[in-house]
Amino acid sequence: MSRTLQAPVTVSFDYTRSVGPVLGRFLTGLREGRLVAARTSDGRVVIPPPEFDPVTHLETDDFVEVSPTGVVTSWSWVPEPVAGQPFDRPFAFALVELDGATVPMLHALDVSSPDEVSTGMLVQVRWAEERSGLITDIACFEPVAGPDEVGDGVSGPGRARPELRDEAPTEQSRPGEATGEITTIITPVSLDYLYAASPEESAFYRGLLEGRILGQRCPTCHKVYVPPRSACPVDGVATTDEVELSDKGTVTTFCIVNVPFLGQKITPPYVSAYVLLDGADIAFLHLILDVPAEEVRMGMRVEAVWKPRDEWGTTIENISHFRPTGEPDADYDTYKQHL
Amino acid sequence: MSGLDRLDHRKNLAAVIGVGQTHHRAKREDVSMAGLCREAMDRALADANLGRDDIDAIVVGKAPDLFEGVRLPARYLAEALGAVGKPLLRVHTAGSVGGSTARVGASLVQAGVHTRGLTVAFVKQSASIAMWALSVPVPFNMPVHAGAGGYFAPHVRSYIRRSGAPTHVGAIVAAKDRQNALKNPYAHLQNKDTTVESVLASQMLWDPIRYDETCPSSDGACALVIADEDTARSATSPAWIHGQVMRSEATSAAERDQVNPQAGRDAAAYLWKQAGITNPLEEIDAAEIYVPFSWFEPMWLENLGFTPEGEGWRLTESGGTAMDGVLPVNCSGGVLSSNPIGASGMLRFAEAALQVRGQAGEHQVDGARRALGHAYGGGSQFFAMWVVGSERPTG
Amino acid sequence: MRDVAVVGFAQRQMSEFDGSPTCVELLVPIFAECYEQTGFTRKDIGFWCSGSSDYLAGRSFSFVSAVDAIGVIPPVNESHVEMDAAWALYEAWVKIQTGEIDTALVYGFGKASAGVLRRTLALQLDPYAMTPLWPDTVSLAGLQARAGIDAGLWDERAMAEVANRSLTDAEKNQYAVRKGGSSVEELLARPMYADPLRKHDISPVTDGAAAIVLAAGDRARDASDRPAWISGIAHNVDPISMGSRDLTRAPSAAAAAGAVGTGLDGVEVAELHAPFSHQELLLREELGLADDVAVNPSGGPLAGNPMFTGGLIRIGEAARRIWDGSATKVLGHATSGPALQQNLVCVMDASTGSTTGGAR
């Protein structure tokens, strides 16, 4: 048996980002198949355009279009891509100085082995089949099969060196294409973690698997913590001596949740209460059911209602909820120091 | 000798000479994160009559990175914030972070390490849903919690039980702060029809907390320029820092007082001592207190020592915390009217500075000389506060 | 400026920590070690400051329960940076300079193995134009390594020399998670991984925690026979963009070194936070370290690089060379962000002198 309990957690959200005028111009350009760079006050042509000038700190307002072809200025091989990267097979990340720009931009380069990449090689933008105003509208860079290369006879676009021209966003677009400036984008973020409970918490959750509620006592202040702690918050030492607690206790305080929210697992209205188990020195949060919410009181005596044994796991959810015992309410003086 | 609470030292003086904030809204769809920060920063610099190159250190404060889905965003923002080539710090102390960030910025000057610091705190909460970001489920646990409201509501109930406060006191706070917000053009909520009755009639969300007794979720930013004595002496109406403090305690501990936490009481006691204040109710002219749920006004009045324990609600009920009361609280409309989480704490510190600088506009308290800025975070466990004054501290 | 010294240092490093992401279980014994070294109790500590990251733990407010390890009732004077704990040390040093406190305990923690570290770190990039491509940290460092190779500033052999020396020195470091040098030839014979990087050019994913105790003046002398006096500390930042900065340089490292008034002349030992082998070579140049400076005698980050303490540990390891009398002037360096974006230098001396810091 491992020392601690572990379980996967996924933290996932599709973030909505308003992009502001400068990035909006860049992303709108991408959607239209144009590469919009900024001319900064230090004389550089930068893509993606910085939102604010690095020297004057003013909002960027001088835009130019640069060419979809350029030169690799540095690259690194990605042998084991991670989720979300432009390719799920090995590829290269490259810095590419586009013709017309004076600093390189970062993107993926579609090559099948490191032998096919070199600093100084010519590459071009490969546009995504569908574009929506995201950096991924550029699917990747790809090598240019230039006329002086030994190739298969397929002629690439060669290396255009257009005059820099001022960028003029237009509302003109191909039929069926979305129009208007890009003002917001959606960027999904999903991360997988392996969560571990502390050794003390693990002992608590394993106790629940046997239908037992196990607290631990702080060796210094002798208070009983449930769940037990890796550090007693008063003394900064781990709780130690195990104490089996009753599954009856007293409601110290509570609230009635009427509000629905994303990710909520319990249907409102429900009572979320601090329950001070008999024998414990700290209350813990659980649900109070089997009683109308408006009848729940501070000081109410309650007992755990366990789920059927065959549904138990190493989780606090083995206790479905707490319900009133019918005993007289506890005196305020017996729990007021726990508020 | 205890490491805490030295009063025998003499810090370098520091003062707020520039204040800037955004127009706080549910969604600021017109700006990026950088644009949001710059809106506040540019206003603070203009107010201080300084350029970005006059600043020699930048401190960024932000609550959880999960709100925007950007890890340690201060670094990606470095260029846009004008921090390149300068020292850049990122502070995170939960909800109190805006206050803590102002404090760190002040420390840089008070230590004599830097001359002019710029602090900025922001949140672009519309990028996600704050309640989701704060409630990522923990394995093996019970998802009983329901966001910040669900967390704090039981403690509000405890307060009401303990103090015997009439149940409409929360509504008095909410109505007052929403009316105050009408005098603050930057405030998010501008509901001129809010009254005690309308608050009481609003939906009970987390009983005993009603919908109108909760703060909104806002996009927004706040920035401060904090300068040394030499710079401040030549500035227009500096807000001198007379005292500042931070205290922390555990989220939960056996027999921890969650209604009137010791960290807040300790912090306030040290703060008043530093500022030479013996009767805060009389000597503080305006207070900006972090009140995300209406009942926290009376709770913090007690915690801060403005009233004896159990009597904060009497001050509120008597109108003592209104604009024309003995202690005007949250003349800006407070967190109840604008809540860019993370920036909210700095806004409290900033609004206190505006009051003693005489620059609070329509929500100015006449002749305010000393003001409190207050922030708290986590499970009522992290506290940051300062007292600013119109006069240079002496002695 | 007040004289402030590093008087306590404790650490844990491991390739996979099986405990909770708050790392409280690691912090409790680490704090105990710090008390043992200094004779302080927690009541002697005037200020606490920590460094950690919510995204490493996978949840908001991951630092909140870490304060339990202190024992925080009665409450403490405490703060937190979402940065490597080396920057928490800076905040604590500043706090001591205000005169408000005399002592501080600085700590950091991180369980990097809870997620896919090189992917998680892509979230620190420009969220509009970079993160959607999920450029991992190894790839970004590879771009930097190649830029230097192409410019003739270093080569694969020089990188292998750094790795070989680090892994050899790591054999004496009980906390190293990767150790055992061989020869430059043998390392060069190993296959490329993320061309131009081989696996030994890349610091291992490391979990861990660490703490440092700072004290001023006589409090430092009480706590240590040979305090490591901080004679200068400063930090600085470059733009994040991989395109608009010269990747073969780290101007912020040079600027931080330049802001340390006493300079780096005479430094005998430097612990450099270079998570990739070429970055040590880059930093040596940028910091202007003489050829005879011993770099990373602990084995350095290539032997173990726990997130959020990798930098703090460099300061601690450097301070230990003062404590044991093997050096009289040392450098601890910390970095953060892709390709050495942000840098901090902390110079420590065996004797007190004029302290400088910041960048006035």
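Before reading on, note that the structure itself is shown above.
Residues numbered from 1 in each chain as written. Chains lettered and ligands numbered in written order. Predicted model: local features only at pLDDT ≥ 70, side-chain atom pairs only at ≥ 80, totals over all residues.

A.B. asks: Which residues make up the interface of chain A and chain C, and what values do they have?
C.D. replies: Taken together, the contacts link 56 residues of chain A with 47 residues of chain C. Only strand 1 (6–18), strand 5 (69–78), strand 6 (91–98), strand 7 (105–109) and strand 11 (184–196) of chain A provide two or more residues apiece to the side of chain A that touches chain C. The biggest single contributor to the side of chain A that touches chain C is strand 11 of chain A, with nine residues. Within the side of chain A that touches chain C, the residues separate by chemical class into 38 nonpolar, 13 polar and five charged. (Contact = placed C-beta atoms within 7 Å. Helix = DSSP H or I, 4+ residues; strand = E, 2+ residues; numbered from the N terminus. Nonpolar A, V, L, I, M, F, W, Y, C, P; charged D, E, K, R; others polar.)

A.B. asks: Kindly report on helix 5 (residues 147–163) of chain B, identifying the contributing residues and their values.
C.D. replies: All names here are of chain B. Here helix 5 contains 17 residues, and its C-alpha end-to-end distance of 25 Å stays within 8% of the 24 Å for a straight helix at 1.5 Å per residue. Of all bends in helix 5, the biggest is about 30 degrees, found at Ala153, and the proline Pro154 comes one to four residues later. Here helix 5 lies mainly inside the structure; 15 of its 17 residues are buried. One or two steps after helix 5, the chain reaches Gly164, where phi turns positive at roughly 70 degrees. (Expected span 1.5 Å × (residues − 1). Bend = angle between axes of the 7 residues up to and from the residue. Buried ≥ 20, exposed ≤ 12 C-beta atoms within 10 Å, placed from the backbone.)

A.B. asks: Pulling in residues and values, what's your account of the sheet that holds strand 14 (residues 242–245) of chain A?
C.D. replies: Backbone-to-backbone hydrogen bonds join strands into a sheet, with any given pair of strands oriented parallel or antiparallel. All names here are of chain A. One open sheet accounts for three strands, arranged 13-12-14; its pairing is antiparallel. With one partner strand each, in any of the chains shown, strand 13 (224–225) and strand 14 form the two edges of the open sheet. The pairing of strand 12 (residues 213–217) with strand 14 spans four bridges and is antiparallel. Counted as the bridge partner of Gly215 is Val243 from strand 14. (Pairing = 2+ DSSP bridges.)

A.B. asks: So what's going on with helix 1 (residues 24–38) of chain C? Which residues, and what values?
C.D. replies: Helix length check: helix 1 of chain C (15 residues) gives 21 Å between terminal C-alpha atoms against 21 Å at 1.5 Å per residue, within 8%. Listing the buried residues of helix 1 of chain C in full gives Val24, Glu25, Leu26, Leu27, Val28, Ile30, Phe31, Cys34 and Thr38 of chain C. For helix 1 of chain C, the secondary structure elements touched by its buried residues are helix 2 (199–209) of chain A together with strand 1 (4–14), strand 4 (103–111), strand 5 (205–216) and helix 8 (217–223) of chain C. Following helix 1 of chain C by one or two positions, Gly39 of chain C adopts a phi angle in the positive range, close to 80 degrees.

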